[in-house]
Every structure is written in C-alpha cells, then in structure tokens.
Amino acid sequence: YFYRRPEIQLYWLPIAILAQCSPIADTESLTFIILAHELAHAYTHQGKDIDGTDWNTEQFAHCDKCIVEGIAQYYTWQLCKRMRSHTPRFENSFNWMLEKQSEPYTRFTTWIENDNRVNQKKQHGEVMRAAMLQTRRKPIMELGEFEYEIHESRKRLEKQR
C-alpha cells in the first residue's frame, strides 16, 4: 500500500516464488493474504470514522511500524479465520507466513493472546477498533501508548458488560 498515492500494488513474481518455497501456501492463498493485508492498510488509513475523520497521512507515515503493520495483520488474521470453514488454506498459509515474519508483523499476536478469557476473545474486534480509533484521533505514535490503549479499551468494554 503506497499511502501517499494512495494505491495498492501486488508483485506477482515474489508471490509465485514464495508459493514455490512453501510446503502449504499456494499462489491464490498468498495473493488473498497480501491483498487483504494491503486493503487493511488502506481502510485503516483512509476509512472514515462515524464522525467523518480518517487517519492523517503524516501521522500514519510516522506511526510506529508495529502499530501500522500490527493492525493490518490483525484484520488479515480475522479475515482468514472467518474464511476457515470455506477456505482453510488461507488461514494455514497466513500462519505459515507468520512464522517467518519479523516483529512488526507478529506483534499483534501479543495483543490477542494476553487475555484468554472467553468474553475477551469475543471482544477482540471491539478492543482493536476502539484502540485504532484512539490512535487516529489523539494521535498515538508509539507502540507503548498503543498497547496501553488496548489495555484501556479492554477495561472500558468490561465495565460496559
């Protein structure tokens, strides 16, 4: 996702090479995952909140990479999970890729695994949405601040229950 244009480009040769290197991922799965990830960047950057605001481009550009990539990975992971019953290879390919990726792409797993209570698992989406909205509005630029906002969003949702 080239956020200043804005434009998404997929590079077919690297996708095909990666598919050939994988024991489980195929070209279609990898294309789906990469496109979902890049669309998540576009939606979180340019999508309008209920009040009509979006993520300021300069703030998006200078935000900690673990936040920007983590949010995109989180929504890609959610989509792959939802596709599980129809196309399980998407989730399997996502998990295969995740094992090989660096911290900005894997950090989101700590946001969802720290709380194993059933109710919290059901509320991950709301927690992430609330944290992302606060990141865009305040703005939050540092990973520690974002992870604190995740914690605070969990607390607020728990009080509402």
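One can find the structure itself at the top, above this paragraph.
For every chain, the first residue of the written sequence is number 1, and numbering continues from 1 along that sequence. Since the coordinates come from a predicted model, pLDDT governs what is reported: local features require at least 70, and pairs of side-chain atoms require 80 or more to be given and counted, while whole-chain, interface and lining totals use all residues. The side-chain figures draw on all heavy atoms in the structure; neither hydrogens nor water molecules are used.

Engineer: Whenever I open this one, the nonpolar core confuses me. Can you help?
Structural biologist: Soluble globular proteins tend to bury their nonpolar side chains together. The biggest cluster of nonpolar side chains holds 34 residues, and the ones touching the most others in it are Ile-67, Phe-108 and Phe-146. Runs of H or I in DSSP of at least four residues are treated as helices and runs of E of at least two as strands, each being numbered from the N terminus. Among the secondary structure elements, those contributing two or more residues to this core are α1 (12–21), α2 (27–46), α4 (65–82), α5 (88–98), α7 (108–113), α8 (118–137) and α9 (143–160). No other element matches the seven residues that α4 contributes to this core. Residues count as neighbours in contact if any of their non-hydrogen atoms are within 4.5 Å of one another. Among all residues touching Ile-67, those that are not within four sequence positions of it are Trp-55, Trp-111, Thr-135, Ile-140, Met-141, Glu-142, Leu-143 and Phe-146. Definition of nonpolar core: a set of buried residues of the types Ala, Val, Leu, Ile, Met, Phe, Trp, Tyr and Cys, connected through side-chain atoms within 4.5 Å. To sort residues, take the accessible area from a 1.4 Å probe on protein chains only and compare it with the maximum for the residue type: under 20% means buried, over 50% means exposed, and anything in between is partly exposed.

Engineer: Mind showing me how you'd approach the pattern of salt bridges here?
Structural biologist: Side chains that carry opposite charge are capable of pairing whenever their charged atoms lie near each other. We define a salt bridge as a side-chain nitrogen of Lys or Arg found within 4 Å of a carboxyl oxygen belonging to Asp or Glu. All told, the structure shown has 16 salt bridges when counted by the stated rule. We note a salt bridge from Glu-28 to Arg-89, for which the minimum N-O separation is 2.0 Å. Here the residue Glu-28 occupies a position in helix α2, and Arg-89 occupies one in helix α5, the gap between them amounting to 61 residues. Residue class for Arg-89 comes out partly exposed when judged on its relative accessible area of 31%. For Asp-49, the salt bridge is made with Arg-136, and the minimal N-O distance between the two is 3.0 Å. In this pair, Asp-49 is assigned in the loop between α2 and α3 (57–62) and Arg-136 in helix α8, connecting sequence segments 87 residues apart.

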